[in-house]
Amino acid sequence: MIESPPFELLDGLLGRRIDDPGLIELHRTYPLKPLPAFTDRGPSSRPARTRTGSSSPTRRPRVPGCYPSIRVRGRGPLLGYLTKVWVREQYRLPMGDGLSTALPEPEARTRALESSVQEYGNIVHVLSRDERSTLEARYHEDGRFIWFLLTLNERDEDDPELLKSAETVLAAAPAREYPSWPEPGAGEPFAAALRALRDHQGAHGFGEIDFEVSDRFTFGGPHAWTGNPAAEREFRVFGHNGGGGLVAFWLVHQGRSIEEQPVVFLDGEGAMGPVAADLCDLLHLLAGGIGPYEAITFGPFYWDADPQPTIARIAEEHLGRRGARTPQEIIDDADNEYSDLMDRVDALSGY
């Protein structure tokens, strides 16, 4: 039977990044689920639970040196940090200072810096707090122990030390080099696969997919979306959804054809994100019943997905055989390689 990790080890790992060797070894040695990856469109935290407790990484702790979260290579999943550790009743090891999960509620009340009654009548006693972390004990209203919770203390968003640290973190993060493109021309050739896709839509529709293909590249949308006319050089809009969102190629690869550039979505309400690594992947995503808007809003598990295998045949006919591509694979690949879209649009917008 694998023993529980010593509390000193858990305390020492609080605040570590999820790619920290010590945190990886903890998850390898003890019965913890694999460390999660985060994206801009995913939940902010996903606990990794054990029989005796759990640890919770989160992607954006407001702590100097940890904020803002960065990405490997400047792209890919956001790197989370260990911000909370729960110690449950089955944890039998001592925690120091005479603490253990056998601590009676009256004694916890006596030792507490402060106490409160929270949801469901739970009694919470703050047992210790320093500049780095807070330890609290939680009990049912009848005095039965629930857990200890060790939490990394976070700063206010406008904390001067936090903001200064964020500048250092961002300066050290690798960034993509963006090609310099000429002014777009109204007569730019439109991909044959897109013309075939538009013909298919005209004849059969896209079902519940909220996406309409244009018959040529349209201009003005990236300028309006970012407030920067230079954005017109970097995006080629070829479709939209009913809410005014833009579907576009993002021209980030020098020397590649337009069909080989990533496809992104700029929502009319301000959301954005990479959709597919190239046009072929976009067509396979549509074949799975998910369009650009659904990919950004709901991800690969869109419950109204209406598969359209004919679109996969359009991809094969015009862009070559690629084999089956699931929506999960397509969206994950786009996220992992092009999640710096958000940073780039911020830069173009002057933020």
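For the structure, check the block above.
What you see is a predicted model; the values in this text were computed from it and never measured.

**Student:** Even after reading the chapter, I still don't get helix α4 (residues 160-172), so can you show me in this structure?
**Tutor:** Because each turn of an α-helix spans 3.6 residues, side chains separated by three or four positions in sequence point in the same direction. Helix length check: α4, at 13 residues, gives a terminal C-alpha distance of 19 Å against a target of 18 Å (1.5 Å per residue), a fit within 8%. Within the sequence span of α4, burial applies to L162, S165, A166 and V169. The buried residues of α4 occupy an angular sector of 110° when projected down its axis, which confines them to one face. Across from the buried face of α4, at angles greater than 90 degrees, the exposed residues are P160, K164, E167, T168 and A171. Of the residues that open α4, the one with a side-chain oxygen 3.0 Å from the backbone nitrogen of E161 is D159.

**Student:** What am I meant to see in helix α10 (residues 309-319) here?
**Tutor:** All buried positions along α10 are accounted for by I311, I314 and A315. Seen end-on, α10 carries its buried residues on one side only, within an arc spanning 100°. Away from the buried face of α10 by more than 90 degrees, exposed residues P309, R313 and E317 are located. Those residues of α10 hidden inside the fold are in contact with α5 (192-204) and α8 (279-287). After α10 finishes, the residue G320 shows a positive phi value of roughly 95°.

**Student:** Would you explain the environment of L163 in this entry?
**Tutor:** Summarising the element assignment, L163 is placed in helix α4. Residue class for L163 comes out partly exposed when judged on its relative accessible area of 40%. Those residues within four positions of L163 in sequence are excluded, and the remaining contacts are E157 and D158.

**Student:** Which parts of the structure should I look at to understand the packing of α5 against α8?
**Tutor:** Angle between the axes and distance between the axes are the two parameters that describe a pair of packed helices. The N-to-C vectors of α5 and α8 enclose an angle of 20°; their axes lie 11 Å apart at closest approach. With respect to α8, the axis of α5 lies roughly parallel. For the pair α5 and α8, the sense of crossing is left-handed. Residue-level inspection shows A193, L194 and L197 of α5 in contact with α8, the latter providing L279, L283 and L286. The residue inventory of the contact of α5 with α8, partitioned by class, reads six nonpolar, no polar and no charged.

Calculation criteria
Residues take numbers from 1 onward in each chain, read along the sequence in its written order. Owing to the predicted nature of the model, reporting of local features is limited to residues with pLDDT of at least 70; listing and counting of side-chain atom pairs is limited to 80 or more, with chain, interface and lining totals taken over all residues. Note: side-chain values were computed over all heavy atoms of the structure, leaving out hydrogens and water. For the purposes of this entry, the term helix denotes a DSSP run of H or I that reaches at least four residues, the term strand denotes a run of E that reaches at least two, and both are numbered from the N terminus. Here a helix's expected span is defined as the number of its residues, less one, multiplied by 1.5 Å. Burial classes: relative accessible area under 20% of the type maximum marks a residue as buried, over 50% as exposed, and values in between as partly exposed (1.4 Å probe, protein chains only). The arc under discussion is defined with respect to the helix axis, by the directions toward the C-beta atoms. Whenever two N or O atoms come within 3.5 Å, that pair is a polar contact, provided that in protein one can donate a hydrogen and the other can accept it, and provided that, for residues adjacent in sequence, both atoms are side-chain atoms. What makes two residues a contact is simply this: any of their non-hydrogen atoms within 4.5 Å. Note on geometry: axes are C-alpha line fits, over the in-contact stretch for helices, and angles between N-to-C directions span 0 to 180 degrees. With respect to orientation, any angle under 35 degrees is reported as roughly parallel, any angle over 145 as roughly antiparallel, any angle of 65 to 115 as roughly perpendicular, and every other angle as oblique. Helix crossings fall into two classes, left-handed where the near helix is turned counterclockwise from the far one by less than a right angle and right-handed where it is turned clockwise. Following the grouping adopted for this structure description, the nonpolar residues are Ala, Val, Leu, Ile, Met, Phe, Trp, Tyr, Cys and Pro, the charged ones are Asp, Glu, Lys and Arg, and the polar ones are all others, Gly among them.

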